[in-house]
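One letter stands for each residue in the lines below.
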Amino acid sequence: MEIDFSRFRDTFFAEAAELAAELDRGVLALERMGCAGDPGLLHSIFRAAHSIKGNAGMLGLDAIAGFTHSLETLLDRLRDRRVALEPAVTAALVEASAALGQLLEAEREAPGSPPAEGARELAQRLSELAGAGGEASAASGGLHRIRFAPAPDFMRNGLDPLLFLRDLEQAGRVVAVRADSSRLPALEALDPEVCYLAWEIEFEGSRAGIEEVFGLAAGAAQIAIAVTVGEPAGEKFAGEQLPGAEIPAPAPTPPATAAGAPRRRSGSIRVDTDKADKLINLAGELVIAQAMAMSILDGFSSGHVCSSGRMEELREAMAVLGRHTREIQERVMGIRMLSASTVFGRFPRLVRDLAAATGKTVDLEIDGADTEIDRGLIEKIADPLTHLVRNAVDHGIESAERRREAGKPAVGRVRLAAFHRGGSVHIEVSDDGRGIDVDRVKQRAVERGMIPPEADLSPEQARALLFEPGFSTAGTVTGLSGRGVGLDVVRRNVEALGGRIRVDSRPGQGCMFLIALPMTLAILDGLLVRLGGGVFVIPLTAVVESVQLRPGMLVRPAGCGLLLRLRGEAIPALSPGDILGAGATEGRDRPTANRPPANRLAANRLAVVVEADGQRAALLVDDLAGQQQVVVKSLEEHYGPVDGILGATILGATTPGNSSVALIIDVGGLLRMAPVEETPPGRCRGNAGVDARFDACVDAGEEAAAAPGVASGSGRV
Amino acid sequence: MNTGGQFLTFTVGEQTYGIDILDIQEIRGGGTVTPVPHAPPHVRGVMNLRGTIVPVVDLRRRFGVPEIDFGRFTVIVVVAVEGRTIGFVVDTVSEVRDLAGAAVTPPPWNGGGERFLTGVAAGGEELVMLLDLPRLIRGHAAGQVGESDQTGKQRGQER
């Protein structure tokens, strides 16, 4: 039977990633404990390695199976105390665990790719370490591939191949046996006294042991022994197959789905069983509640009097239905949540490796690993966090001597913490290192021409400069910069997720980066605005404030676009025409239900000041229509991507037929696509219908003071 | 060329068109359509189809037929083709017709620049133009506006 193994691959890699993470955690813990070790821990590490090996073997992923096999062997010996837990051994384990992660990644990205050279050597080392303590395999512990081909008259000479195989089991560990039946003739030609079979055995033990076992058979059989350290052919992994049993042909490694086609990462979700069980229960309740409501309704239609009592019953049934529906919605959203440990899990190793590379001693403290975070966020926040942690260890923490001089403990401390606060997830990356030298930041910014020399910045403002593009690439300011990829990228990534980042620092005491992210990507807090006859949603995280427009606040000086004058600052303004694209405004017609009253006074217009990527803009809108959480729906799935639009949401689903779609504005995208600074004055006039009203604002010459803060919907950290 | 089968027929302007019944997902009365910035003119916008955001294409605009107001019989024919769901605004839905393969001829050679027909069925008194949905759909995705509306308008005026 042909089984298509490719569909198990995703499952394998998802599982293997979890197991490998567990293994890594265990190995690092082992390293910290030193030679004491902990049988329970060793056992759990062993189990993880064993599961990966078994699964990889099943899928024919030879490289991984082989590598984990040598790892498993060593762990097994450690468990049995046949090998002592020496520093050399733990070091090899730590290295092996990292290599395993790389092997898995390589295999997932490019199936069938040959294992790295390093992995092979490492496997050899593991085997040697394992062999060193095992009495049975004292000579040269390791894997041997034995071909045992008895001569045809083997049995006639009174020998039994099976006995040899059994003896072999006594001499060490038989990993796999494969019978070669190619010499087997057709049944009618078969002579029961002739030995047709040959065996290929993967055996772990000393060569001397093998020779001892097969010594008796010498001359009566062809015996070839090859050392195949660390490279057992995974296809022959048959685990506990009985010797001599025919092992089914191995499934070949599944070919890549389509050569050259980019491999998309699988979008599957692994959900805790109890989460799923609760959902299933709730779905059952939902069906019952619905049936109840239905039966009451049936009562109405079958001619019963529509009494107020029955009305009450119906109301109650609907309330139950509503409750269940809401709970299901909440729990379904919960499926998207993962604990922060999924992303924090990688940091103990990162910190350890970095500290080792820089010759520092650094302790990593992790708080709030149980905090639930949207899985979409988790995947995307990992890189910025890695960057911050790397910065902290690399540049924040001082060398041990410096720390002692400064009167601090020699061991540096980096802390990662996650917690929920007010509808958002906060992640802190802090260290007790040298902190940020504000004066040097200022000096650097002046050198780079980012601020005038006479600028008087508060420490907070100065620190904010760190996130400016072009700052950290400076590279020479110790304690500040990464390796070319700057904090500006971190900030951009965080902002792309609808989050905010800021930094706090005390010179000499350390610094702390605080990232605030929305709880989930599937729901966002939005400011609803009326724009060109429709309702649009602006993510609240991008909103700075909204201001009521007074005559004179909008200006259109020659040589630049529309500007909003606000408290002495000129903010580029985008008219509805800029936001909606030429022609879109005239297109919003009959089918649109949301039409604004036609003649609004220009003075009633509002500007929503938004910020993204460090740029501000004022979106001129007709009106604010409220503030609410919206569920983000994909516009791309059936329509396609739209510049400046993040997605869509469904509003006002009061009655089934009356729900309309509102588009969610992608502020960053909008600012990127609108050439705010270069807009020629006449450009927007194409949309005369809408923009004329704003022109009225511009032209009404009276200069009025800005009136900030109508419904200031600031979502800032 | 289409080999016939069951077709949903509907009118856009004077003309009757047909779509393979197997491509039809559902037929809806007109609902709220939200315009989308930068959309080609024949894309009216998007609508909510039970929680999924689906584009709505106005076939009058697409075919260059003068526009009319949405009326009582205006319907949206929702099709599912090539993994995408799309609504077409049509004037009226007529019926489901069984068009035997023999009655269907290849599209006329003077079809102009836009080849979104798979064939022409002579069903009784009128001609039913059978639509090549994949081609028709390709022409409107936001990223790829496809054939210009101009062509359509000209064709409409030629009639």
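Residues numbered from 1 in each chain as written. Chains lettered and ligands numbered in written order. Predicted model: local features only at pLDDT ≥ 70, side-chain atom pairs only at ≥ 80, totals over all residues.

Helix and strand counts for chain B stand at three helices and eleven strands. By the burial criterion, 45% of the 159 residues in chain B qualify as buried. (Helix = DSSP H or I, 4+ residues; strand = E, 2+ residues; numbered from the N terminus. Buried ≥ 20, exposed ≤ 12 C-beta atoms within 10 Å, placed from the backbone.)

This part takes up the overall build of chain A. Regarding its fold elements, chain A presents 20 helices and 22 strands. The buried share among the 717 residues of chain A stands at 37%. For chain A, the share of sequence-separated contacts (at least 6 apart) that also reach a separation of at least 24 residues comes to 73%. (Contact = placed C-beta atoms within 7 Å.)

The next thing to look at is the environment of B:F70. Residue placement: B:F70 occurs in the loop between α1 (59-63) and β6 (75-81). A C-alpha to C-alpha distance of 7.8 Å links B:F70 and B:G30, two positions 40 residues apart in sequence.

Here the focus is the sheet that holds strand β12 (residues 523-531) of chain A. Residue and element names in this part refer to chain A. The strand order β20-β12-β13-β22-β21 describes an open sheet built from five strands, whose pairing is mixed. Of all the strands in the sheet, just β20 (623-631) and β21 (645-651) have a single pairing partner and so form its edges. Averaged over all neighbouring strand pairs, the angle between strand axes comes to 35 degrees, with direction disregarded. Taken together, the six bridges between β21 and strand β22 (residues 660-665) define a ladder with antiparallel strand orientation. Counted as the bridge partner of G647 is I664 from β22. (Pairing = 2+ DSSP bridges. Axes fitted to C-alpha atoms, helices over the stretch in contact; angles between N-to-C directions.)

Quick look at the nonpolar core now. All names here are of chain A. Within the largest apolar cluster, 90 residues are counted, with the highest numbers of intra-cluster contacts made by I538 and V608. With near-sequence residues (within four places) excluded, V608 lies in contact with L527, V529, I538, V543, S546, A618, L619 and V621. Counting residues in hydrophobic clusters, the runner-up holds 42 residues, among them A355, A392, I397 and V494. (Core = buried A, V, L, I, M, F, W, Y, C linked by C-beta atoms within 7 Å.)

With that settled, consider unusual backbone geometry. Backbone geometry follows two general trends: most residues other than glycine have a negative phi, and most peptide bonds adopt the trans configuration. For A:R567, which is not a glycine, the phi torsion comes out positive at approximately 45 degrees. With respect to the helices and strands, the residue A:R567 is situated in the loop between β16 (563-566) and β17 (569-574). A positive phi angle, close to 65 degrees, is found at B:H38, a residue other than glycine. Within the element layout of this structure, B:H38 appears in the loop between β3 (24-29) and β4 (43-49). The partly exposed category is assigned to B:H38, around which 18 C-beta atoms lie within 10 Å.

The subject of this paragraph is the environment of A:P192. Inspection of the secondary structure puts A:P192 in the loop between β2 (173-180) and β3 (198-204). Along the primary structure A:P192 and A:M155 are separated by 37 residues, whereas in three dimensions their C-alpha atoms are 9.5 Å apart.

A low pLDDT means the predicted coordinates there should not be read in detail. All names here are of chain A. Of the residues in chain A, 76% reach a pLDDT of 70 or more, and the chain-wide mean stands at 73. For chain A, the element scoring lowest by mean pLDDT is helix α18 (residues 584-587), at 40; strand β6 (residues 362-367) scores highest, at 90. A low-confidence stretch, residues 582-603 stays under pLDDT 50, and its non-local contacts, those more than four residues away or across chains, total 51 contacts. Per-residue pLDDT stays below 50 along residues 676-717; that stretch engages in 90 contacts with residues further than four places along the chain or on separate chains. (pLDDT = per-residue confidence, 0-100.)

Residues and elements named next belong to chain B. Judged by pairing direction, the sheet is mixed, and its five strands sit side by side in the order β3-β6-β7-β5-β4 without closing on themselves. The outermost strands of the open sheet, each flanked by one partner alone, are β3 and β4. Here the average twist between neighbouring strands, direction ignored, is 30 degrees. Across five bridges, β3 lies against β6 in antiparallel orientation. Along β6, the bridge assignment pairs I27 with V77.

Each pair of packed helices can be summarised by the angle the axes make with each other and by the distance between the axes. All names here are of chain A. Interaxial distance between helix α11 (residues 347-358) and helix α12 (residues 375-396) falls to 10 Å at its minimum, and their mutual angle equals 30 degrees. Where α11 crosses over α12, the two elements pack in a sense that is right-handed. In contact with F347, L350, V351, L354, A355 and T358 of α11, α12 contributes T386, V389, R390, V393 and D394. (Left-handed = near helix turned anticlockwise from the far one by under 90°.)

All names here are of chain A. Between the first and last C-alpha of helix α3 (residues 62-79) there are 25 Å, a value that for 18 residues agrees with the 26 Å anticipated at 1.5 Å per step. Taking burial as the measure, the 18 residues of α3 include 16 buried ones, the bulk of the element. At the exit of α3 stands R81, carrying a positive phi of roughly 60 degrees. (Expected span 1.5 Å × (residues − 1).)

The share of residues in chain B with pLDDT of 70 or more is 77%, and the mean pLDDT across the chain is 76. Low pLDDT, under 50, characterises residues 140-159 of chain B; the stretch is placed with 36 contacts to residues that sit more than four places away or in other chains.

This part takes up the environment of B:E95. Residues and elements named next belong to chain B. Residue placement: E95 occurs in strand β8 (residues 92-99). Judged by local crowding, E95 falls into the exposed class, with 10 C-beta atoms found within 10 Å. Sequence spacing of E95 and T9 is 86 residues, and the spatial spacing of their C-alpha atoms is 5.5 Å.

Next up on the list: the packing of helix α2 (residues 39-58) of chain A against α3(A). Residue and element names in this part refer to chain A. Across the interface, α2 lies against α3 with an axial gap of 8 Å and an inter-helix angle of 155 degrees. Relative to α3, α2 is oriented roughly antiparallel. By crossing handedness, the relation of α2 to α3 is classed as left-handed. Note on element contacts: α3 touches α2 through I64, A65, T68, H69, L71, E72, L75, D76, L78 and R79, opposite L42, H43, I45, F46, A49, H50, I52, K53, A56 and G57. (Parallel < 35°, antiparallel > 145°, perpendicular 65-115°, else oblique.)

Bringing the pairing of β6(B) into the picture now. Residue and element names in this part refer to chain B. Pairing geometry for β6 and strand β7 (residues 84-90), over seven bridges, is antiparallel. Directly across from V75, in β7, lies its bridge partner V90. Hairpin remark: β6 followed by β7, antiparallel, with two residues in the connecting loop; positive phi at E82, about 50 degrees.

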